[in-house]
Amino acid sequence: MSCEPAVVTPPEEAGCPQWVPQPDVLARAELLSERFERAYGRAPVGVWAAPGRANLMGEYIDYSGGMCLPFAHQYVTLTAAAPRTDGVLRALSLQDADESVADHRLRTTPVADIAPGAIGGWFGYAAGVAWGMQRVASGRSDHPVAVPELVLSRDFGADLMVDSTVPIGAGLASSAALECSVALALFSLSTGDDAPDDRLRRALARACMDAENHIVGANTGGLDQTASLRSHAGETLALDCRDFEAARLPADPSAAGLTWLAVDTRAPHRLADGQYSSRREQCEAAAVVLSVARLRDALPEHPTEDAAAAVLERFDDLVSSGATLRGNPEGVRLRLRHSLTEMVRSVRIADQLSSVDPDWALVGRLLVAGHESMRLDCQVTVPELDAAVTACLDAGALGAKVVGGGFGGSVIALVRADEADALAASVCASFEEHGFRDPLFLTLTPSAAGRRVR
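Residues numbered from 1 in each chain as written. Predicted model: local features only at pLDDT ≥ 70, side-chain atom pairs only at ≥ 80, totals over all residues. Heavy atoms only, no water.

Going by this rule: UniProt positions are given in the numbering used here, feature names are shortened, and annotations may be inferred rather than shown by experiment.
Per an unreviewed UniProt entry, the recorded name for the chain is Galactokinase, and the organism is Kocuria tytonis. Entered under Sequence similarities (unreviewed entry) in the UniProt record, the comment concerning the chain runs "Belongs to the GHMP kinase family. GalK subfamily."

### Overview of the overall build of the chain
To be explicit about the condition: By the criteria applied, helices consist of DSSP H or I runs no shorter than four residues and strands consist of E runs no shorter than two, each listed in order from the N terminus. Relative accessible area decides the class of each residue, using a 1.4 Å probe on protein chains only: under 20% of the type maximum gives buried, over 50% gives exposed, and in between gives partly exposed. Whether two residues are in contact is decided by their heavy atoms, any of which lying within 4.5 Å being enough. Note on areas: Shrake-Rupley, 1.4 Å probe, and residue coverage restricted to the protein chains presented here. Positive charges come from Lys and Arg, negative ones from Asp and Glu, while His and the chain ends are left out of the count. Taken as the charge location is NZ of Lys, CZ of Arg, CG of Asp or CD of Glu.
The number of helices and strands found in the chain is eleven helices and 14 strands. Relative to its 454 residues, the chain shows a buried fraction of 60%. Across the chain, the fraction of contacts at a sequence separation of at least 24, relative to all contacts at a separation of at least 6, is 74%. Accessible area of the chain: about 17200 Å², with a carbon and sulfur share of 50%. Between the mean site of the 40 positive side-chain charges and the mean site of the 60 negative ones, the chain shows a separation of 6 Å.

### Digging into the domain arrangement of the chain
The test is simple: For the domain bounds, the source is a domain assignment made automatically or taken from a database. Summed over both partners, the accessible area lost on bringing two parts together, with a 1.4 Å probe, is the buried area. The working definition used for a salt bridge is a side-chain nitrogen of Lys or Arg within 4 Å of a carboxyl oxygen of Asp or Glu. Polar contacts, as used here, are pairs of N or O atoms within 3.5 Å; protein pairs need one atom able to donate a hydrogen and one able to accept it. Residues neighboring in sequence count only if both atoms are side-chain atoms.
Considered domain by domain, the chain is made up of domain 1 (18-249) and domain 2 (252-444). Placing a centre on the C-alpha atoms of domain 1 and another on those of domain 2 gives a separation of 26 Å. Taken together, the 39 residues of domain 1 in the interface contact 55 residues of domain 2. Buried area between domain 1 and domain 2, both sides added, is near 4000 Å², and the carbon and sulfur share of it is 63%. Counting across the domain 1 and domain 2 interface gives two salt bridges. Notably, a salt bridge pairs Arg242 with Glu301, separated by 3.0 Å at the nearest N-O pair. Counting across the domain 1 and domain 2 interface gives 18 residue pairs in polar contact (both at pLDDT 80 or more). Breaking the side of domain 1 that touches domain 2 down by element, the ones donating at least two residues are β1 (18-19), β2 (46-55) and β4 (70-84). With four residues, the top contributor of residues to the side of domain 1 that touches domain 2 is β4.

### Concerning the state of the cysteines
Basically, it comes down to this: Count a disulfide wherever a pair of cysteine sulfur atoms falls within 2.5 Å.
Taken as a whole and assessed by the stated rule, the structure comprises zero disulfides. In this model Cys180 remains outside any disulfide bridge; the closest cysteine sulfur is found in Cys208, 4.0 Å from its own.

### Observations regarding the UniProt feature "domain: Galactokinase N-terminal" (unreviewed entry) in the chain
Sequence positions flagged by UniProt for "domain: Galactokinase N-terminal" (unreviewed entry) are, in local numbering, residues 34-83. The span residues 34-83 is 14% helical and 52% strand by assignment, and the distance between its end C-alpha atoms comes to 17 Å.

### Focus: the confidence of the model for the chain
Formally: For every residue, the pLDDT score states the predictor's confidence, bounded by 0 at the bottom and 100 at the top.
The predicted model of the chain has a mean per-residue pLDDT of 92, with 94% of residues at 70 or higher. Contacts for the low-pLDDT stretch residues 1-14, under 50 throughout, to residues beyond four places or in other chains number 31 contacts. This model gives residues 98-104 a pLDDT under 50, and the stretch forms seven contacts once residues within four places in sequence are excluded.

### Observations concerning the packing of helix α3 (residues 174-191) against helix α5 (residues 223-230)
Basically, it comes down to this: Every axis in this analysis is a line fitted to C-alpha atoms, fitted for helices over the stretch in contact. Angles between the N-to-C directions lie between 0 and 180 degrees. The scheme is simple: roughly parallel for angles under 35 degrees, roughly antiparallel for over 145, roughly perpendicular for 65 to 115, oblique for anything else. For any pair of crossing helices, the crossing counts as left-handed if the nearer helix is rotated counterclockwise from the farther one by less than a right angle, and right-handed if it is rotated clockwise. All amino acids are sorted into three groups, where Ala, Val, Leu, Ile, Met, Phe, Trp, Tyr, Cys and Pro are nonpolar, Asp, Glu, Lys and Arg are charged, and the leftover types, Gly among them, are polar.
Relative orientation of the contacting elements α3 and α5 amounts to 50°, with a least axis distance of 9 Å. Taken together, the axes of α3 and α5 lie oblique to each other. For α3 against α5, the interelement crossing comes out right-handed. On α5, the residues touching Ala176, Ala177, Glu179, Cys180 and Leu184 of α3 are Asp224, Gln225, Ser228 and Leu229. Across the contact of α3 with α5, the residue classes break down as five nonpolar, two polar and two charged.

### Brief notes about the environment of Ser321
Within the secondary structure, Ser321 sits in the loop between α7 (305-320) and α8 (329-354). In this structure the side chain of Ser321 is engaged in a polar contact, spanning 2.8 Å, whose partner is the backbone oxygen of Asp317.

### As for the packing of aromatic side chains
How we decide: What counts as a ring pair is set by centres within 6.5 Å for rings of Phe, Tyr and Trp (its six-membered ring), and what kind of pair is set by the plane angle: stacked under 30 degrees, edge-to-face over 60, tilted for all other angles.
Counted by the stated rule, this structure contains six aromatic pairs. Between the aromatic rings of Phe71 and Trp260, the centroid separation amounts to 6.3 Å while the plane-to-plane angle is 40°, which identifies the pairing as tilted. With Phe71 in strand β4 and Trp260 in strand β10 (residues 258-264), this pair connects stretches of sequence that are 189 residues apart. Their ring planes at 65° and their centres at 6.0 Å tell us that Trp122 and Phe123 sit as a pair that is edge-to-face. Here Phe123 falls in the buried class, since its relative accessible area comes to 5%. Here a set of aromatic residues connected by ring pairs shows up, and it is made of Phe71, Trp260 and Trp360.

### Here we look at the sheet that holds strand β8 (residues 235-240)
Stated formally: A strand pair is defined by DSSP finding two or more bridges across the two strands.
If you walk across this open sheet you meet the three strands as β3-β8-β9, and the pairing is antiparallel. This sheet does not close on itself; its edge strands, each paired only once, are β3 (67-68) and β9 (245-250). Relative to β9, β8 runs antiparallel, the two sharing six bridges. Opposite Leu239, over in β9, you have Ala246 as the bridge partner.

Written out as structure tokens, the structure reads:
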């Protein structure tokens, strides 16, 4: 890596790593129900939980039709809910309230008034789901077909209270977990169905995507919501973002004595400030030059490094011949190179996970290559992320990379389970040397999708 290896002090001098506790979802659901009743004066009908996600490969390519490899982890956002019949949506968050759940923190809006630009903050993610469900139900969304089961009646409303065990701002999809838990709650209140099938889960994921794209203003591509609503325990999704078909591949490395470690750098993580959207626009500009609807269409069905290099060479030839290009040529070319090589890396990791005996060392090397591409070509890492990757590798991790959209957030590392504590201590020492805030650590387990838990 071109970022210089950290000068790591001995782990015993770095202080103890801070581990995020494993969530007790049922206990949190019971507590949330009690808080709901205190705040609203009635018990909730139920509590629904949806997980955040990690992503082994496939950053910034979902909107370009590439393959992504997300899995849902065990940290969830919970939504307690009860129906209303006055068309009003009200919401409280335990992350946005003191012990007394002060009234002035109550967020409220008529469902009919939810629209782009009308609602901000965390409430936009929650309320936007109702708006997105109406779009998908009516066929106004980009979902392939209208799904009338998602329609909300004219007088439909709800009281909501949310609680999250997903570290906020860690790049582990806390926003998607919020959206998806609310979607499951609203769908159940509207239909009485607590076990939507995969067709309906795909439609709910699209509704959540619409909420994030149009209400919140983050132009993301659906990876997070799909993982939160369609994952299976012990598996990763090989998600083909051309049609959102998903194969399920084993993703639990424990048989090889390994585990997935997340390092929350605690550097601020923001995607709604235009950074994500600008990269999407650059990829779309490259697709126009290449005369394809999306960048994945420029590669063969099973993409290779040689095929990616050939597409990049064709792009260069077209630009030098005078092809019209929107945006800065250098920036567009870098995003194109990241997209093409990331698509190849995703397929190579999927091939390994599909095998009887995965080459975990190769998977680790591909993770590192993915991080380098995110750093040099996508240009979304920050010093904390680069330092975390370097420290993980110096301490013996098989591989490590930024997870999620970057600009802060977390690193995911493939590490030997019996070395996780020592590795975390080494990362702490590196962060102390750099003058960064102490990081947080989580071991991630591929987990089940969103569901009713109470």
